[in-house]
Amino acid sequence: MNRKLICILVLFAFLLSIQDVIGPASTPSPTSSGGGGGGSKPVDIDKLLKAVEDGKKSKPQVFEELKTILWKDPITSENYTLPTVLMYYYGNNTTISRTEPVDIITVARNNNPLEMRRMLDLYLEVKDPGQSDYRRVNSWPEKIQTNEYSEKQNTTQRVWTMLPSFIYLKKVGEVKLRVNVSDGVNKWSTASYSDVKPPYYSELIFNVTNSLPNMNSFELAPSGLVRYNDPIEYKSIIEDADGDMLNVTLHILDENGNEVKNKSVNTKPGPVSFKANEYGFFAESDSGKNFTYYYSYDDGIGNVSKDPEVPLRGPSIKKGAKLSVDRLDFTGSSENYYWWDKYGFSVRAKNLNPEEYEVSFTLSTRTENGEWNTVETKTEKIGSEPVVVRFNKTEPFRVTDVGKTFYYRVKYSEYDQTGKDSMDMKGARINRKIVPFSIHSGIMALNILSMLFILTMIGFFMERSLKKGVEAHERSSNGTGEARKESPARTGRSSMDSIAKMLRRR
Amino acid sequence: MDRIVQFLIENLFAEGTIALVLVLTIAAALHINNIKNVYKLIGILQKKTVDKSHFYKEMTVSQGSNFTALAFASWIMLFVAIAFLYLLVPTVHSVSFMDIAELASNPFGFAIFGIAVGLLAAVVIFFLDKLPSDMRVFKLTELYSFYAISKGTKKMIGLTLVALYGSVALSAYVGTIYPDRSMNAQLISLALLIVSAGILVMPIYKEAWEARR
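My aim in this report is to walk through the structure given alongside it, one point at a time. (Residues numbered from 1 in each chain as written. Chains lettered and ligands numbered in written order. Predicted model: local features only at pLDDT ≥ 70, side-chain atom pairs only at ≥ 80, totals over all residues.)

## Considerations on the overall build of chain B
When helices and strands are tallied, chain B shows 9 helices and 0 strands. Mapped in sequence order, the helices and strands of chain B form the string α-α-α-α-α-α-α-α-α. Among the 213 residues that make up chain B, the fraction classed as buried is 40%. Long-range pairs, those at least 24 residues apart, make up 76% of the contacts in chain B between residues at least 6 apart in sequence. (Helix = DSSP H or I, 4+ residues; strand = E, 2+ residues; numbered from the N terminus. Buried ≥ 20, exposed ≤ 12 C-beta atoms within 10 Å, placed from the backbone. Contact = placed C-beta atoms within 7 Å.)

## Side note on the sheet that holds strand β7 (residues 155-159) of chain A
Residue and element names in this part refer to chain A. With respect to topology, 4 strands assemble into an open sheet ordered β7-β3-β1-β10, the strand pairing being antiparallel. With one partner strand each, in any of the chains shown, β7 and β10 (200-201) form the two edges of the open sheet. Relative to β10, strand β1 (residues 84-88) is paired through 2 bridges, and the arrangement is antiparallel. Considered in β10, the bridge of Tyr 88 is made with Tyr 200. (Pairing = 2+ DSSP bridges.)

## Focus: the packing of helix α4 (residues 65-87) of chain B against helix α8 (residues 183-200) of chain B
All names here are of chain B. Between α4 and α8, the shortest axis-to-axis distance is 11 Å and the interhelical angle comes to 155°. Between α4 and α8, the interaxial angle falls into the category roughly antiparallel. For α4 against α8, the interelement crossing comes out left-handed. Across the interface between the two elements, Ser 74, Trp 75, Leu 78, Ala 81, Ile 82 and Leu 85 of α4 pack against Ser 189, Leu 190, Leu 193, Ser 196, Ala 197 and Leu 200 of α8. The residue makeup of the contact of α4 with α8, split by class, is 9 nonpolar, 3 polar and no charged. (Axes fitted to C-alpha atoms, helices over the stretch in contact; angles between N-to-C directions. Parallel < 35°, antiparallel > 145°, perpendicular 65-115°, else oblique. Left-handed = near helix turned anticlockwise from the far one by under 90°. Nonpolar A, V, L, I, M, F, W, Y, C, P; charged D, E, K, R; others polar.)

## Some thoughts on unusual backbone geometry
All names here are of chain A. Cis rather than trans, the peptide bond between Pro 198 and Pro 199 has omega equal to 10°. As for its placement among the helices and strands, Pro 199 is situated in the loop between β9 (187-189) and β10. Look at the link from Ala 221 to Pro 222: it is a cis peptide, with omega at -5°. Mapping Pro 222 onto the fold places it in the loop between β12 (214-221) and β13 (225-226). Non-glycine residue Asp 195 carries a positive phi angle of around 55°. Judged by the 5 C-beta atoms lying within 10 Å of it, Asp 195 falls in the exposed class. Positioned with a positive phi, Ser 217 is a non-glycine residue whose angle comes to about 55°. Following the sequence through the fold, Ser 217 ends up in strand β12. Judged by local crowding, Ser 217 falls into the exposed class, with 11 C-beta atoms found within 10 Å.

## Focus: the sheet that holds strand β18 (residues 290-298) of chain A
Residue and element names in this part refer to chain A. Here 5 strands make up an open sheet; going across it, the order is β13-β19-β18-β15-β16 and the pairing mixed. Of all the strands in the sheet, the pair left with one neighbour each is β13 and β16 (259-267). Note that strand β15 (residues 246-253) and β18 share 7 bridges and pair antiparallel. Each bridged residue has a counterpart across the sheet, and for Leu 250 the counterpart in β18 is Tyr 295.

## Quick notes on the interface of chain B and chain A
Counting residues at the interface gives 52 residues for chain B, matched by 44 residues for chain A. Elements with a minimum of two residues in the side of chain B that touches chain A: α2 (12-46), α3 (52-59), α4, α5 (101-104), α6 (109-129) and α7 (151-177) of chain B. Of the residues in the side of chain B that touches chain A, the class split is 31 nonpolar, 14 polar and 7 charged.

## Some points on the environment of Phe 79 of chain B
Residue and element names in this part refer to chain B. Counting through the fold element by element, Phe 79 comes out in helix α4. Note on Phe 79: 18 C-beta atoms within 10 Å, which makes it partly exposed. Separated by 35 residues in sequence, Phe 79 and Gly 114 have C-alpha atoms that sit 9.5 Å apart. Among residues more than four places away in sequence, those in contact with Phe 79 are Val 117 and Ala 121.

## With respect to α6 of chain B
Helix length check: α6 of chain B (21 residues) gives 30 Å between terminal C-alpha atoms against 30 Å at 1.5 Å per residue, within 8%. For α6 of chain B, the set of buried residues is Gly 109, Phe 110, Ala 111, Phe 113, Gly 114, Val 117, Gly 118, Ala 121, Ala 122 and Ile 125 of chain B. (Expected span 1.5 Å × (residues − 1).)

## Some words on the nonpolar core
Counting 89 residues, the largest nonpolar core has Ile 76, Met 77, Val 80, Ala 81, Leu 164 and Val 168 of chain B as its most contacted members. It is α4 of chain B that contributes the most residues to this core, 17 residues altogether. Looking at this core, you find at least three residues from each of domain 3 (323-429) and domain 4 (438-478) of chain A. The residues touching Met 77 of chain B, leaving out its near neighbours within four places in the chain, are Leu 455 of chain A together with Leu 161 and Leu 164 of chain B. Grouped together as the second largest cluster of nonpolar side chains are 21 residues, Tyr 228, Ile 252, Tyr 293 and Tyr 294 of chain A included. (Core = buried A, V, L, I, M, F, W, Y, C linked by C-beta atoms within 7 Å. Domains from an automatic or database assignment.)

## Points about α3 of chain B
Regarding α3 of chain B, the residues found buried are Phe 55, Tyr 56, Glu 58 and Met 59 of chain B. Within α3 of chain B, the buried residues cover an arc of 165° as seen down the axis, which keeps them to one side. (Arc of directions from axis to C-beta.)

Laid out in structure tokens, this is it:
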């Protein structure tokens with residue numbers, strides 16, 4: 001049985017192989033030239049071009065070989081005339097700033113017939129201020145193909161977008177631009193032409209200028225007397241039309257006009273800030289001294305050495321105490337910490353220096369994530385002997401603070417031993433009780449009694465207003481009386497009266 | 001059995017609240033039913049349909065201005081006592097007058113709250129009084145005009161005002177100690193409220209009872 005099955009499968013496989021060898025019926029291509037055994041695909045010019053383009057990328061060496069094979073020497077004829085290539089600039093203003101956009105254009109005219117024209121290679125060259133030689137701007141030639149000239153004028157042009165302005169210049173002055181041309185046989189420059197009239201030029205010559213930066217809005221914060229380690233900040237605004245990266249230097253002078261500090265920053269035009277604490281401009285030894293300041297700045301090309309000419313005043317650093325602060329504490333008038341309780345706060349301070357100074361202490365409180373609320377400010381003379389500053393019988397909390405933990409802070413007008421000007425601590429949780437009166441209190445008795453009296457009176461006024469007592473009955477009786485005048489047979493009231501009376505008796 | 005008793009004791013306040021609601025709701029239903037029955041009876045006896053406003057007019061009994069004034073005051077006080085018990089501090093609902101902490105802590109905060117509720121109740125009563133004459137059954141101002149009320153009952157209705165004062169005072173006490181609680185004060189306040197409400201609607205129950213007999 002198995003043998004039979006194997007034989008059938010082998011036979012089936014054999015038949016399939018025969019079919020593969022024979023293959024499907026094919027019709028000869030009309031473009032096929034015949035012969036050559038296995039058949040050939042038609043040659044398509046588009047495919048050939050694509051193959052060459054692909055080869056240019058994937059196999060550059062083979063592509064170069066192909067170019068060599070296909071190279072055709074330029075037609076040399078006595079009738080061939082050199083194309084005219086000139087610089088073009090539309091406008092009279094050749095004095096421009098470094099940042100001003102400029103269109104550098106080269107125009108070419110080729111009067112040769114198409115079959116005699118040659119591809120042109122253009123190189124832009126520039127001579128920067130102070131330089132003796134031209135330098136090439138484009139490393140790869142800008143090519144003008146033979147077929148791209150206009151039919152009527154036989155002209156074409158190139159805009160040199162790689163040089164949109166002269167922002168790159170580090171030195172200002174005269175800039176010259178020209179183009180070197182090659183047609184494969186001849187090489188010449190636009191500078192070789194003479195008697196050229198605007199807007200065509202053999203060379204473009206620009207006088208490139210620079211805009212100096214300038215500063216304004218000088219400000220020193222905080223103004224007035226400050227402590228040496230206060231957050232002193234010098235602020236100003238620097239502007240530059242060219243938008244260059246600027247170097248700004250702050251110069252700080254002492255009372256004699258001698259420079260004691262300077263600091264430079266590199267910045268783009270806009271606000272400039274120097275923070276004294278960041279750069280360590282002032283020390284404790286500067287206490288009692290007055291300083292002045294000015295700025296100098298440059299944009300890498302030009303500079304301003306002193307702005308403003310007369311140095312500005314500031315800062316004036318005051319003498320003060322160097323505090324040692326501790327024992328920040330609080331007490332409540334009851335241990336329940338009700339919101340209406342009176343609270344006492346205290347802090348101990350002394351001056352680490354022998355002098356005695358007046359120092360102000362400001363107590364603030366807050367609950368949980370709330371804002372600090374100023375409670376009281378006290379000024380005390382602080383000397384070398386410790387002084388306890390007390391804030392007695394304060395009422396810093398409101399009913400909305402119930403159930404929240406409070407924090408308290410004492411801020412002082414001088415810095416303490418840790419360099420801070422305040423000390424804060426966590427207090428206690430404020431009792432959740434809302435009503436500050438007991439039911440036995442006079443105010444609550446007045447509260448309840450007045451309310452009850454007024455409510456009772458409302459009842460009486462209502463009755464007097466609506467007259468639902470005797471008057472209502474009288475009204476009702478009058479109505480009945482009037483009704484009685486009507487025919488009992490029509491209204492049936494008299495019988496209803498008796499039923500109603502009967503029901504009432506029940 | 002002990003568990004049931006214990007459960008009942010633990011939930012006295014809720015049970016009392018349900019009782020208060022039932023007393024007032026059943027009274028309202030009985031009042032409407034009482035008037036309806038009388039109207040129907042008159043229709044049967046008259047053997048024709050009687051004009052409703054005419055019927056109400058004939059049914060009206062004057063109860064005296066002093067009693068009516070006291071009854072109005074008692075009803076207003078009942079609403080104020082209910083507000084004090086249930087809205088001064090969180091009880092059945094989490095929303096309470098204590099949420100307006102600045103007003104609650106005001107020296108006259110409780111009085112402002114009570115008077116506001118009382119005025120609101122008075123406005124509602126006034127509004128009901130403006131209903132058409134064929135809907136007089138819904139007028140709280142004429143509740144007692146449809147019933148024969150004995151002098152004793154009138155005295156009791158007058159005295160509910162004192163009981164309601166007590167209820168309001170106890171609820172106010174609970175407000176002053178909030179967030180602490182005094183379940184005893186709340187229960188007594190509720191008991192006074194239930195008793196007062198029961199007395200205020202007693203003529204309705206009495207009429208319904210006698211009609212059944």
